[in-house]
Amino acid sequence: MNLDLEGKRAIVTGGSRGIGLAVARGLAAEGADVVIAARTAETLEAAARAVATESGRRVIAVPTDTGDDEQVRELVRRTVSELGGVDILVNAAATPWSAGAPADLAATGDDIVRREVEIKVLGYLRTARAVAPHLVEQGWGRIINISGLGARQANSIAQTIRNVGVSALTKNLADELGPHGVNVTVVHPGLTRTERLTERLAVDSARTGRPVAELEQEAARNSLRRIIDAEELAHVVTFLASPRAVAITGDAIAAGGGVPGPVYY
């Protein structure tokens, strides 16, 4: 299927590695020019060079802390200046949730929740607020927020709050921006194979003496019984960013290989 993304202009936050980098690759492979944003300039610039070489598209690195509203506005200004506009925003900039982070009531201090909301929910709000006027003016756009299946599991107070918050933000934006031709969706990854997961499994393998493949099989508790690759998740996001996905807005798309048991409708 031709996704009609040739010549579209995208911003991907959290684009230096992991899911964000995979999404940037997916969009560029379909013909979009991409600005990738993350906090670490050196890693970001290396990623931009790699994606540009692979795709032949313009890929620009703009170091940005989405916790700083002025930096976010500058990110959008540079995108519009260098690419001539912006059509797509993919929000993927967030601190990965740690399986060992405090989860119970007594251990969940105010600062833990504030940090999670600041980084993920408010960070996504800032970028959407800066990009939306450009999308509304041209009468077309896509915003895709990367959240997580933690929104559907009460296994950590802070994790659930931040991911449900992203879903609530998404629905509000979809209803407000929909009449202007702007679709807004949220994607919930599950356990996803990224550089971080690969590194963690290698450390666990060295510590326990168990093969990485065995650890992966144990960790894959989804319906497919295998870990989803970041590239596979990026395929979903790339479709949602395209004109072909016009019928989908305001909804949450689970992309974790299936959750055994519950029925979502």
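Residues numbered from 1 in each chain as written. Predicted model: local features only at pLDDT ≥ 70, side-chain atom pairs only at ≥ 80, totals over all residues. Heavy atoms only, no water.

1. What about the pattern of salt bridges?
The following threshold applies: What counts as a salt bridge is simple: a side-chain nitrogen of Lys or Arg found within 4 Å of a carboxyl oxygen of Asp or Glu. For helices the rule is a DSSP run of H or I covering at least 4 residues; for strands it is a run of E covering at least 2, with both sets numbered from the N terminus onward. Note on exposure labels: buried denotes an accessible area under 20% of the residue type's maximum, exposed denotes more than 50%, and partly exposed covers the range between, all computed with a 1.4 Å probe on protein chains only.
Scanning all chains against the criterion turns up 25 salt bridges. Among the salt bridges present, the one from Asp 69 reaches Arg 129, with a minimum N-O distance of 3.2 Å. Within this pair, whereas Asp 69 is found in helix 3 (residues 69-83), its partner Arg 129 is found in helix 4 (residues 110-138), the two being separated by 60 residues in sequence. A residue is classified by how much of its surface remains accessible, and Asp 69, at 24% relative accessible area, is partly exposed. The class for Arg 129 is partly exposed, based on a relative accessible area of 47%. Among the salt bridges present, the one from Arg 193 reaches Asp 229, with a minimum N-O distance of 2.2 Å.

2. Points about the pairing of strand 4 (residues 88-91)
This is how the line gets drawn: In short, DSSP must find at least two bridges between two strands for them to pair.
Taking every second residue as pointing to the same face, both faces of strand 4 are buried, with Ile 88 and Val 90 on one and Leu 89 and Asn 91 on the other. The pairing of strand 1 (residues 9-13) with strand 4 spans three bridges and is classified as parallel. Each residue of the ladder has a partner; that of Val 12, found in strand 4, is Val 90. Here strand 4 pairs with strand 5 (residues 141-146) via four bridges, running parallel. What sits directly across from Val 90, in strand 5, is Ile 144.

3. What to know about the sheet that holds strand 4
Which entries qualify depends on this criterion: As a rule, the C-alpha atoms of each element are fitted with a line to give its axis, helices using only the stretch in contact, and angles between N-to-C directions run from 0 to 180 degrees.
In space, the seven strands of this open sheet follow the order 3-2-1-4-5-6-9, with parallel pairing throughout. Edge positions in the sheet fall to strand 3 (59-61) and strand 9 (252-255), since each has one partner strand and no second. Across this sheet, the average inter-strand angle for adjacent strands is 20 degrees, counted without regard to direction. Bridging between strand 6 (residues 182-189) and strand 9 involves four bridges; their strand directions are parallel. By the bridge assignment for strand 9, Pro 189 is matched with Ala 255.

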